[in-house]
Each structure stands twice: as structure tokens, then as C-alpha cells.
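# Reading the structure
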Amino acid sequence: SSGQATIVQPIGGQAGAATVINSAGVVAGHYQIATDGPVHLFRYDENGMTTDLGTSAAGGTPVPLGINAAGTIVGVLELPESAAGERLAFRVRGGGSALEVLPDLGGSWSLASDVNDLEQIVGTSSLPGAPDTWRATLLSAGTVYDLNDLVVAAGGVTLHDGGRVNGAGQVTAY
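## Description of the nonpolar core
- Within the largest apolar cluster, 12 residues are counted, these being V20, V26, A28, L41, L53, I67, I73, L77, L79, L88, F90 and V92.
- Beyond its immediate chain neighbours, meaning those up to four positions away, V26 contacts V20, I21, R43, Y44, D45, E46 and I67.
- Ranked by size, the runner-up nonpolar core spans seven residues in total, among them V74, A89, A112 and V115.

## Let's talk about the pattern of salt bridges
- Enumeration over the complete set of coordinates arrives at two salt bridges.
- Here E100 makes a salt bridge to R91, at a shortest N to O gap of 3.1 Å.
- By relative accessible area, which is 30% here, E100 ends up partly exposed.
- Classification of R91 as buried rests on a relative accessible area of 7%.
- Ionic pairing is found between E119 and R93, a salt bridge with its closest N-O pair at 4.0 Å. You can see E119 sitting in the loop between β9 (110-115) and β10 (121-127) and its partner R93 sitting in the loop between β7 (87-92) and β8 (100-101), a full 26 residues away along the chain.

## Let's talk about the sheet that holds strand β1 (residues 16-21)
- The four strands lie next to each other as β1-β2-β3-β4, forming an open sheet whose pairing is antiparallel. Two strands lie at the open edges of the sheet, namely β1 and β4 (50-54), each paired on one side alone. Across the sheet, the mean angle separating the axes of adjacent strands is 25° when strand polarity is ignored.
- With five bridges connecting them, β1 and strand β2 (residues 27-32) associate as antiparallel partners. The partner of A17 across the bridge, within β2, is H30.

## Examining the sheet that holds β7
- The four strands are arranged β5-β6-β7-β8 in an open sheet whose pairing can be described as antiparallel. Of all the strands in the sheet, just β5 (61-67) and β8 have a single pairing partner and so form its edges.
- Strand direction decides the pairing type here: β7 and β8, joined by two bridges, are antiparallel. Note on β8: the bridge partner recorded for F90 is V101.

## Some remarks on the environment of P80
- Relative to the helices and strands, P80 is located in the loop between β6 (73-78) and β7.
- C-alpha separation for the pair P80 and T61, spaced 19 residues apart in sequence, amounts to 7.9 Å.
- Setting aside anything within four residues of it in sequence, one finds P80 in contact with A58, G59 and G60.

## Brief notes about the side chain of T137
- As for its position among the elements, T137 is in strand β11 (residues 130-140).
- A relative accessible area of 8% places T137 in the buried class.
- A distance of 3.5 Å separates the side chain of T137 from the backbone nitrogen of T124, its partner in a polar contact.
- Among all residues touching T137, those that are not within four sequence positions of it are L105, I121, V122, G123, T124, S125, V144, Y145 and L147.

## So, unusual backbone geometry
- If you check the backbone angles, E119 has positive phi at about 65° while not being a glycine.
- Using a relative accessible area of 22% as the deciding quantity, one classes E119 as partly exposed.
- Positioned with a positive phi, A141 is a non-glycine residue whose angle comes to about 50°.
- Along the polypeptide, A141 turns up in the loop between β11 and β12 (143-146).
- Classification of A141 by relative accessible area gives exposed; the value is 81%.

The rules behind these values
- Residues numbered from 1 in each chain as written.
- Predicted model: local features only at pLDDT ≥ 70, side-chain atom pairs only at ≥ 80, totals over all residues.
- Heavy atoms only, no water.
- Core = buried A, V, L, I, M, F, W, Y, C linked by side-chain atoms within 4.5 Å.
- Buried < 20%, exposed > 50% of the residue type's maximum accessible area, 1.4 Å probe, protein only.
- Contact = heavy atoms within 4.5 Å.
- Salt bridge = Lys/Arg side-chain N within 4 Å of Asp/Glu carboxyl O.
- Helix = DSSP H or I, 4+ residues; strand = E, 2+ residues; numbered from the N terminus.
- Pairing = 2+ DSSP bridges.
- Axes fitted to C-alpha atoms, helices over the stretch in contact; angles between N-to-C directions.
- Polar contact = N/O pair within 3.5 Å; in protein donor to acceptor, adjacent residues only side chain to side chain.

What follows is the structure in C-alpha cells.
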């Protein structure tokens, strides 16, 4: 708000990327301590403190794609090549540090692109047995919905990717 740039550095000044920011100025991103080492998730708070949120037990790269006012981070965990390009939607609750893999539609690929202050999460999931068939999803109160099942039929349109979700639970998807 003051028009001044702030350099957000991961712990130890290692190379990384800040990928999302909320209205309070809380930033999330990922960084790597060593070239061949695990990729860590981090949170940079409104007080200028960087917190290492750790790594995934599954390995891979956690990429934050959304963050709400409470600091809940959502994104995609890009697993190592040995997992055949598998990607999993994740969440780290505001104030927490545990990376939680989110439920999906049962396929091998998912991502969480946004979270609102009601903790509703919008994203994308592949279908079981059809890794190249994606559907826009909404996770609300612990249940995953295929957004195509929640909209009035729109002349053969299929929603493949969930984009954003606002405070009223309204979702963008395409």
C-alpha cells in the first residue's frame, strides 16, 4: 500500500519463488536449500517473518496457487518424475505447517487453485481411469464436488478447470 517493494527471501537466502499473496500481505512460495535437495514450502507473514513449512513426505515440489485471509495455502504438489508426472492438490491451514493432500475425484492428477475465507477450495481433478480427462472441482465441508454436477446443463459445455472462489462461494471455471 505504500508503493515500496519488499524482497521476500526464503530462509537462508536460498533461491526460490514467492507465488501467492493475500490482502494482509502474507506471501507463500517454495525454495530449495541445496541443488539436489528437497523443495520446501514457506510462508512470509505481515510482520516480515519467514517460516519454513517443510517438505512433503512424498517428495516433489509444492507450488502455492492460492491463499486466503487466514493464511491457508492451497496449491499443487508436483511429485518426482518417478511418479509418472502425478500431481496432487494440497492445503496448509493458516497458522499450521502440515501439508495435507486433499481429496479429489479419484484420478492421478489434481490441483487446488484457490481458497476462500470459508475454506472452500476450487481446483481441478482427473477422473479415475482417464488421466487426460479433467473436471473442475469444489471442496466444501470435506466433500469434493464435480462442478459439472452443480450447474444447469449449458449446451454440451464441460467445465475442466476451477479458477477462483469468492467469499460467497461463487466459482469461476472453464
